[in-house]
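Report on the structure
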Amino acid sequence: MGHLELIDLIRLFLILILIYLAYVDLRTFRLPDVITIPLILAGLCFNSFSSLRLITPQESIFGGLLGYLLLWLLNRLYRYIKKQDGIGMGDAKLLSALGVWLGWVALPNILLLASVSGIIGGLIWLKLNKQNHGSAFPFGPFLIFAGIMELLWPQLLQNLLLSNLS
């Protein structure tokens, strides 16, 4: 099996795990640690010890730390203002996993795409489930959608935005 074929299988395996996580989150509003934590560890190992790595080990470690920290801080701020959690720590672990696999540079694109699709998808979710704007909806599937987009087409969003400026 050639280099390109093996990396494609790894990407496919990662996508399948992410799709399963989206399914679980949609049904249960939970992203189980039994999947997210091994996903983080697998990404760290893959990018640290494999010759096929997607990013450098340093980018992987920093991406994982930054991914978790961004959503943890956002939740702390929301909790300070609203006196309740606004985002689950499963989402923070998921963003950490995406950061470990794709690097810290991918995180702004992932967060932007997840936020925009989350606003649209969240409004649709709330409407379909006949709930008000204060009701919770799972954010994991939107992070996963954005992560898969970044995995398959790195920096697509940046390229689209920048090409429209010139």
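Here, every reference points to the structure presented above.
Since this is a predicted model, take the numbers as computed values, not measurements.

1. Examining the packing of aromatic side chains
When we look at a pair of aromatic rings, we describe it by the centre distance and by the angle of the planes. This model, assessed by the stated rule, comprises three aromatic pairs. Measuring from ring centre to ring centre gives 5.7 Å for F62 and W104, while their planes differ by 75 degrees; the resulting arrangement is edge-to-face. Separated by 42 residues along the polypeptide, F62 in helix α3 (residues 57–82) and W104 in the loop between α4 (89–102) and α5 (107–128) bring together distant segments of the chain. Among the residues examined, F62 registers a relative accessible area of 42% and is labelled partly exposed. Between F137 and F142, the ring centres sit 6.1 Å apart and the planes meet at 80 degrees, which makes this aromatic pair edge-to-face. Assessed through its relative accessible area of 28%, F137 is described here as partly exposed.

2. Examining the nonpolar core
With 33 residues, the main nonpolar core has L18, L21, L94, I110 and L143 as its most contacted residues. Mapped onto this core, the elements with two or more residues apiece are α1 (3–28), α2 (33–49), α4, α5 and α6 (140–152). No other element matches the eight residues that α4 contributes to this core. Leave out the neighbours within four places in its chain, and L94 touches L18, L21, L31, G140, L143 and I144.

Rules behind the numbers
Residues numbered from 1 in each chain as written. Predicted model: local features only at pLDDT ≥ 70, side-chain atom pairs only at ≥ 80, totals over all residues. Heavy atoms only, no water. Phe/Tyr/Trp six-rings, centres within 6.5 Å; stacked < 30°, edge-to-face > 60°. Helix = DSSP H or I, 4+ residues; strand = E, 2+ residues; numbered from the N terminus. Buried < 20%, exposed > 50% of the residue type's maximum accessible area, 1.4 Å probe, protein only. Core = buried A, V, L, I, M, F, W, Y, C linked by side-chain atoms within 4.5 Å. Contact = heavy atoms within 4.5 Å.

Nothing here speaks to function; it is geometry throughout.
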